[in-house]
Amino acid sequence: MNSVHPHGLSKLLTRAGALRVPEITAVFWIVKGLSTAMGESSSDFLVTGMDPAIAVVLGFLAFVAALALQLRARRYNAWLYWFAVVMVGVFGTMAADVMHVALGVPYPVSTAFYALTLAAVFVVWQRVEGTLSIHAVDTTRRELFYWAAVVATFAMGTALGDLTAYTLHLGYAASAALFAVLILVPAAGYRLGWNPILCFWTAYVLTRPLGASIADWMGKPRDSSGLGLGDGPVVAVLGLAIVALVAYLAVTKSDVQQGESADAPDPALR
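Residues numbered from 1 in each chain as written. Predicted model: local features only at pLDDT ≥ 70, side-chain atom pairs only at ≥ 80, totals over all residues. Heavy atoms only, no water.

Student: Quick question: what am I supposed to make of a nonpolar patch on the surface here?
Tutor: Residues Met50, Ile54, Val57, Leu58, Phe60, Leu61 and Val64 make up a contiguous nonpolar surface patch of roughly 590 Å² in combined accessible area. For leucine 58, the position within the fold is in helix H3 (residues 52-72). (Patch = residues over 30% accessible without salt bridge, like charges linked within 9 Å, V, L, I, M, F, W, Y side chains within 5 Å. Areas by Shrake-Rupley, 256 points an atom, 1.4 Å probe, with all protein chains shown as cover. Salt bridge = Lys/Arg side-chain N within 4 Å of Asp/Glu carboxyl O. Helix = DSSP H or I, 4+ residues; strand = E, 2+ residues; numbered from the N terminus.)

This is how it looks when you write it as structure tokens:
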């Protein structure tokens, strides 16, 4: 299949042919998990520390700014990419919480809504670009599809984690244990030769409720089944860990995908 390279935004933003997302390594999954946990704690810290409406607006503006920086970089940069992921985590959490807290939408309904939204993004992405491979994110349009999917996974994962913790009354620790077990399924499936794209996105979705459940377990009061450490200290610790790991990636460039252009099919992701 020939790659479609739009002539509008791509000239100003993503350089056509430049790979836009990192290689999937063990460090990728560690930082991804930390970013989901930090998104949850940061959202809760901001919403409880100021007017919730102002917090949501600030979260949205930070998300837009981070995504704009990521797009204007025109190729993968560890600092900008993970800054965007963290901001997606914060705003995605807020988006899911707004549906329940402000609009009164039950967690089962919001989880189903975001699941359908994610499915719609994947369907359109596949039909327009012919692949959902992270080795093919090399134009602005493909990158926008990628980030739309990422936002949907964060929102869906947040609602799913709240569904198990509150609606199903599992609490934070049991929810974290549940998702830790579930995430082993795509990991094992990948080793057994299952479709790698399906395994990747399934694991990507599950890291959200896993990280969020762990963050809530650490930060929430003991009478809410948490450890009572507080959202602020949890944000600080997670932030330092993310900065250290991203600094390692930026220096070593161990997660930079080799090669440019997704015109040739990637046999590992077909």
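There is more to say after this.
Student: Explanation requested: the packing of aromatic side chains in the structure shown.
Tutor: Within a pair of aromatic rings, the relevant descriptors are the distance that separates the centres and the angle that separates the planes. Inspection of every chain in the model, using the stated rule, returns 23 aromatic pairs. Sitting over the ring of tyrosine 204, lysine 32 keeps its end group 4.1 Å from the ring centre. (Phe/Tyr/Trp six-rings, centres within 6.5 Å; stacked < 30°, edge-to-face > 60°. Lys NZ or Arg CZ within 6 Å of the ring centre and 35° of its normal.)

Student: Can you help me understand unusual backbone geometry in this one?
Tutor: Trans peptide bonds make up the majority, and among non-glycine residues the majority have a negative phi. Positioned with a positive phi, histidine 169 is a non-glycine residue whose angle comes to about 60 degrees. With respect to the helices and strands, the residue histidine 169 is situated in the loop between helix H6 (140-167) and helix H7 (171-182). We note that lysine 253 has phi near 55 degrees; this positive angle belongs to a residue other than glycine. Secondary-structure assignment places lysine 253 in the segment after helix H10 (231-252). Classification of lysine 253 by relative accessible area gives exposed; the value is 53%. (Buried < 20%, exposed > 50% of the residue type's maximum accessible area, 1.4 Å probe, protein only.)

Student: Help me out: how do you make sense of the side chain of threonine 111 in this one?
Tutor: Mapped onto the fold, threonine 111 is located in helix H5 (residues 107-129). Ignoring anything within four residues of it in the chain, the contact list for threonine 111 reads Met156, Ala159, Leu160 and Leu163. (Contact = heavy atoms within 4.5 Å.)

Student: How do you make sense of the layout of surface pockets when you look at a structure like this?
Tutor: Regions of empty space are outlined by a rolling probe, equal in size to a water molecule, passed over the atoms. What the largest pocket holds in volume is close to 680 Å³. Along the walls of the largest pocket sit 29 residues, with Ile24, Trp29, Ala187, Phe200 and Ala203 positioned nearest its centre. Broken down by element, the residue count for the lining of the largest pocket peaks at eleven residues, all from helix H9 (residues 196-219). Taken together, the residues that form the lining of the largest pocket break down as 22 nonpolar, five polar and two charged. (1 Å grid on protein atoms, 1.4 Å probe; cavity = no way out; pocket = protein on both sides within 12 Å on 5 of 7 lines; lining within 4 Å. Points joined across faces, edges and corners; volume = space filled by probe spheres on them. Nonpolar A, V, L, I, M, F, W, Y, C, P; charged D, E, K, R; others polar.)

Student: How should I be thinking about the nonpolar core in this particular structure?
Tutor: One recurring pattern in soluble globular proteins: nonpolar side chains tend to sit buried together. Among the nonpolar cores identified, the biggest contains 57 residues, and Tyr81, Trp82, Trp125, Tyr146, Trp147, Trp201 and Tyr204 are the most heavily contacted of them. Within the residue set of this core, elements represented by two or more residues are helix H2 (26-49), H3, helix H4 (78-102), H5, H6, H9 and H10. A total of 13 residues in this core trace back to one element, the largest contributor, which is H4. Sequence-distant contacts of tyrosine 146, defined by excluding residues within four places in its chain, comprise Val21, Tyr81, Trp125, Ile134, Val137, Trp201 and Tyr204. One finds Leu160, Ile183, Leu206 and Leu210 within the second-largest nonpolar core, a separate group that totals nine residues. (Core = buried A, V, L, I, M, F, W, Y, C linked by side-chain atoms within 4.5 Å.)

Student: Would you take a moment to explain the side chain of serine 110 for this structure?
Tutor: By secondary structure assignment, the location of serine 110 is in helix H5. Judged by relative accessible area, which is 0%, serine 110 ranks as buried. Beyond its immediate stretch of four places on either side in the chain, serine 110 contacts Met99, Val105 and Ala159.

Student: What is the right way to look at the confidence of the model for the chain in this model?
Tutor: It should be kept in mind that the predicted coordinates are not to be read in detail where pLDDT is low. When pLDDT is averaged along the chain, the result is 85; 89% of the residues meet or exceed 70. Throughout residues 1-12 the model reports pLDDT below 50, and contacts reaching past four residues in sequence, or to other chains, amount to 25 contacts. Predicted confidence for residues 260-270 stays below pLDDT 50, and this span has 25 contacts to residues more than four positions away or in other chains. (pLDDT = per-residue confidence, 0-100.)

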